[in-house]
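Structure assessment
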Amino acid sequence: MAESRNGPMPLAEARARIVAAISPITDTQTLALPEALHRVLAETVTAGVDVPGADNASMDGFGFAAAQAPADGARLRVVGEVLAGHPFPARVGAGECVRIMTGAVVPAGVDTVVMQENTRTEGDDVVIERVPARGDNIRPAGEDLARGEAVLGPGHYLRPADIAVLASVGAHRVAVYRRPRVAFFSTGDELRPIDGPLAPGEIYDSNRHGLAAVLAELGMEGVDLGVVGDSRAALAAAFDRAMTADAVVTSGGVSVGAADFVLDVLADRGSVDFWRVAIKPGKPLAFGTLGDARFFGLPGNPVSTAVTFVQLVRPALVRLAGGTPAAPVRFTLPTRTDLRKKPGREHYLRGCMAFDGAASEVVAVDHQGSGVMRSMSRADCFIVLPADCGDVAAGTPVTVEPMAQPVWGQPAPPIA
């Protein structure tokens, strides 16, 4: 079992090792464009048309040749009207203009559009009160995308804006990577279904429902294996069912208690790459291999499960799905109160950002226990304290990592 001789592995090293160990899924499927939202593109899509397809007006107004209106007050005769989808059939000649609407194709003989607000109409003529520069208010053909240009490439996570861009070039079907299948279960004799009664010493199984939710949010195909009791036989049977997945995520049973068997069974059924990470909460975390699946054994305390999933498992699953994990967005804010900490592990306190006019600060939620899931529910950020720091006085700038993060990074634009 690989682990630093000096103790738990630093979080940044653990994250880098995990992501580097992940082999992205290469299986693909072709989907209709509306079904591809929140999937990872597996091909380079090139534009089959110019976008826009022709020079068109970006404003409602009047189109004319700039040479025909050399100064403010120029008068031109209106010879027609051009609407989007209805091109003008003739050339606009000397001393003439056309009324043109936003999105309409610019007729031959027109190189400039004046906004309607800068004109006045007198009979069949229009007077241009403020002459624009030549070419103003015209969007050239191919301004957004040119025919043959690469639009998006493999590894691009498809957001709503991407769907719109692909639709604009007529990409009605696209190849995407298969969703990862992620098996997950909770361990513990004390866990009970949330729709039943509790006996003394029993608790509801919250971690499994939290894992199901974050996997769904990521777009993974979750395989719920339920609750597994604290015995080697039960864990071995669960591991055998789980190892056909692409990844396995468990909660509980990875510490050194008398009923913590996950590491032993994993070592029998697969391999343990490393165990323990220098993070609080979440120190007892196991990463390894189970059959063809990558294994993540998370600690059982609810906050520890949530924090380690966000910091270590989520980037790995993004990589597994064929995407690029986004670098965490962080900034500094002064802490409103004193923060207690002992040097040794990187701390992830749950906090709330306060923005009040020119003053901004962050405040830790009132209970930081690793078993108090309410602290995650109430928080909108992590307060990240480095491993080597001690107590932090009120007013000191601290690192803040918002809960709302860009999970999927985007690869460099493809080259056509």
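Residues numbered from 1 in each chain as written. Predicted model: local features only at pLDDT ≥ 70, side-chain atom pairs only at ≥ 80, totals over all residues. Heavy atoms only, no water.

Turning to the overall build of the protein, a few remarks are in order. When helices and strands are counted, the protein shows seven helices and 28 strands. Here the C-alpha atoms of the protein give a radius of gyration of 30 Å, more than 25% beyond the 22 Å that 2.2 N^0.38 yields for 416 residues. Here the protein, with 416 residues, has 44% of them falling under the buried criterion. For the protein, long-range pairs separated by at least 24 residues make up 72% of all intrachain contacts whose partners lie at least 6 apart in sequence. Of the roughly 19400 Å² of accessible surface on the protein, 52% is carried by carbon and sulfur atoms. The averaged location of the 47 negative side-chain charges in the protein is 6 Å from the averaged location of its 38 positive side-chain charges. (Helix = DSSP H or I, 4+ residues; strand = E, 2+ residues; numbered from the N terminus. Rg over C-alpha atoms; globule rule 2.2 N^0.38 Å. Buried < 20%, exposed > 50% of the residue type's maximum accessible area, 1.4 Å probe, protein only. Contact = heavy atoms within 4.5 Å. Areas by Shrake-Rupley, 256 points an atom, 1.4 Å probe, with all protein chains shown as cover. Lys, Arg positive; Asp, Glu negative; His and termini not counted. Charge placed at Lys NZ, Arg CZ, Asp CG, Glu CD.)

In terms of nonpolar packing, the biggest core is built from 44 residues, with Phe296, Leu317 and Trp408 touching the most fellow members. Mapped by element, the contributors of at least two residues to this core are helix H1 (11-21), strand E12 (173-177), strand E13 (181-187), helix H3 (207-218), strand E17 (247-251), strand E21 (293-298), helix H6 (302-320) and strand E26 (381-385). Per-element accounting of this core gives the leading share, eleven residues, to H6. Apart from the residues within four sequence positions on either side, tryptophan 408 is in contact with Val40, Tyr157, Leu218, Met220, Val318, Ala321, Gly323, Thr324 and Ala326. In terms of nonpolar packing, the next biggest core, distinct from the first, is built from 23 residues, Ala238, Phe239, Leu263 and Leu290 among them. (Core = buried A, V, L, I, M, F, W, Y, C linked by side-chain atoms within 4.5 Å.)

What follows concerns the sheet that holds strand E8 (residues 119-122). Reading across from one edge, E7-E4-E6-E5-E9-E8 is the order of the six strands in this open sheet, with mixed pairing throughout. Each having just a single partner strand, strand E7 (112-115) and E8 make up the two edges of the open sheet. The mean inter-strand angle of the sheet, taken between neighbouring strand axes irrespective of direction, is 40 degrees. (Pairing = 2+ DSSP bridges. Axes fitted to C-alpha atoms, helices over the stretch in contact; angles between N-to-C directions.)

A separate point is the state of the cysteines. What is meant by a disulfide is a covalent connection between two cysteines, made through their sulfur atoms. Applying the stated criterion across every chain, the model contains zero disulfides. Cysteine 352 takes part in no disulfide bond, and the closest cysteine sulfur, belonging to cysteine 381, lies 6.5 Å away. The exposure class of cysteine 352 is partly exposed, given its relative accessible area of 21%. (Disulfide = S-S within 2.5 Å.)

It is worth spelling out the environment of serine 186 at this point. Tracing the backbone through its elements, the reader meets serine 186 in strand E13. Residue serine 186 is classed as buried on the basis of its relative accessible area of 0%. A distance of 2.9 Å separates the side chain of serine 186 from the side chain of aspartate 205, its partner in a polar contact. (Polar contact = N/O pair within 3.5 Å; in protein donor to acceptor, adjacent residues only side chain to side chain.)

Take the pattern of salt bridges next. One pass over the full model with this rule turns up 22 salt bridges. A salt bridge links aspartate 111 to arginine 134; the shortest N-O distance between them is 3.1 Å. Highlighted residues: aspartate 111 in the loop between strand E6 (96-100) and E7 and arginine 134 in the loop between strand E9 (125-128) and strand E10 (138-139), separated in sequence by 23 residues. Ionic pairing is found between arginine 192 and glutamate 202, a salt bridge with its closest N-O pair at 2.9 Å. (Salt bridge = Lys/Arg side-chain N within 4 Å of Asp/Glu carboxyl O.)

With that out of the way, let us pick up the layout of surface pockets. Roughly 510 Å³ of internal volume is contained in the largest pocket. The wall of the largest pocket is formed by 21 residues, among which Val214, Glu217, Val310, Arg314 and Met376 lie closest to the centre. Elements represented by at least two residues in the lining of the largest pocket include exactly H3 and H6. Partitioning the lining of the largest pocket into residue classes produces 14 nonpolar, five polar and two charged. (1 Å grid on protein atoms, 1.4 Å probe; cavity = no way out; pocket = protein on both sides within 12 Å on 5 of 7 lines; lining within 4 Å. Points joined across faces, edges and corners; volume = space filled by probe spheres on them. Nonpolar A, V, L, I, M, F, W, Y, C, P; charged D, E, K, R; others polar.)

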